[in-house]
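Below are the chains, spelled out letter by letter.
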Amino acid sequence: MTLTNFLQLINNLNPNYFIYLKINENILPLNKVQITSDKCLLISGTQALTINQLVKMVKNLHKRSIPLLIKDSSLLVYGIQISLKDSRIILI
């Protein structure tokens, strides 16, 4: 999945939803985003970013067609799970 695809998927969701990463069956909060010239690395941490915080970080990027990768495991993100009950999005 590319950054552009992800932003389109979450466009109509509540901007206060938290974003999590699924790494080896563990669900960890997305805490940091690192952008390089050819990829967007998602880094887990202690407190999850909201959709609104993530969009503010990447809104001025010109090259958004870069792939989303989970840094800890170098896995490509291929989908999302939306949990309305828990107000969160899980990148898988």
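Residues numbered from 1 in each chain as written. Predicted model: local features only at pLDDT ≥ 70, side-chain atom pairs only at ≥ 80, totals over all residues. Heavy atoms only, no water.

Explanation requested: the overall build of the protein chain in the structure shown.
The number of helices and strands found in the protein chain is 2 helices and 7 strands. Sequence-ordered secondary structure for the protein chain, helices as α and strands as β, is α-β-β-β-α-β-β-β-β. For 92 residues, the compact-globule formula gives about 12 Å, and the C-alpha radius of gyration of the protein chain, at 12 Å, lands near that figure. Principal-axis analysis of the C-alpha atoms gives the protein chain an extent of 35 × 30 × 20 Å. Once local pairs closer than 6 in sequence are excluded, the contacts in the protein chain between residues at least 24 apart make up 60%. (Helix = DSSP H or I, 4+ residues; strand = E, 2+ residues; numbered from the N terminus. Rg over C-alpha atoms; globule rule 2.2 N^0.38 Å. Contact = heavy atoms within 4.5 Å.)

Even after reading the chapter, I still don't get the packing of helix α1 (residues 3–10) against helix α2 (residues 51–58), so can you show me in this structure?
Two numbers describe a pair of packed helices, the interaxial angle and the distance between the axes. Across the interface, α1 lies against α2 with an axial gap of 12 Å and an inter-helix angle of 140°. In terms of axis orientation, α1 runs oblique to α2. For α1 against α2, the interelement crossing comes out left-handed. Residues Leu3, Phe6, Leu7 and Ile10 of α1 pack against Ile51, Leu54, Val55 and Val58 of α2. (Axes fitted to C-alpha atoms, helices over the stretch in contact; angles between N-to-C directions. Parallel < 35°, antiparallel > 145°, perpendicular 65-115°, else oblique. Left-handed = near helix turned anticlockwise from the far one by under 90°.)

What is the right way to look at the pattern of salt bridges in this model?
A side chain with one charge can pair with a side chain of the opposite charge if their charged atoms come near. Here the structure, examined in full by the defined rule, presents 2 salt bridges. The salt bridge partner of Glu25 is Lys22, with a shortest N-O separation of 3.8 Å. (Salt bridge = Lys/Arg side-chain N within 4 Å of Asp/Glu carboxyl O.)

Can you help me understand the sheet that holds strand β4 (residues 68–70) in this one?
Each strand in a sheet pairs with its neighbour through backbone hydrogen bonds, running either in the same direction (parallel) or in the opposite one (antiparallel). With mixed pairing, 7 strands are arranged side by side in an open sheet as β5-β4-β3-β2-β1-β7-β6. Each edge of the open sheet is held by one strand with a lone partner, namely β5 (75–76) and β6 (80–83). Where strand β2 (residues 26–35) lies against strand β3 (residues 40–44), 5 bridges are found, and the strand directions are antiparallel. Paired with Lys32 across the two strands is Ile43, which belongs to β3. Helix-sheet contacts for α1 involve β1 (18–23), β4, β6 and β7 (88–91), and the interaxial angle to β6 is about 20°. Along the sheet face, α2 touches β1, β2 and β7 and points at about 20° away from the line of β2. (Pairing = 2+ DSSP bridges.)

Teacher, can you tell me more about the pairing of β7 here?
Along any regular strand, the residues point their side chains to alternate faces of the sheet. Alignment of β1 against β7, held across 4 bridges, turns out to be parallel. Looking across to β7, one finds that Leu21 is bridged to Leu91. Looking at chain direction, β6 and β7 are connected through 4 bridges and run antiparallel. Across the sheet, the residue bridging to Ile80 is Leu91, located in β7. As consecutive antiparallel partners, β6 and β7 are separated by 4 residues, and within that stretch Ser87 has a phi angle of approximately 55°, a positive value.

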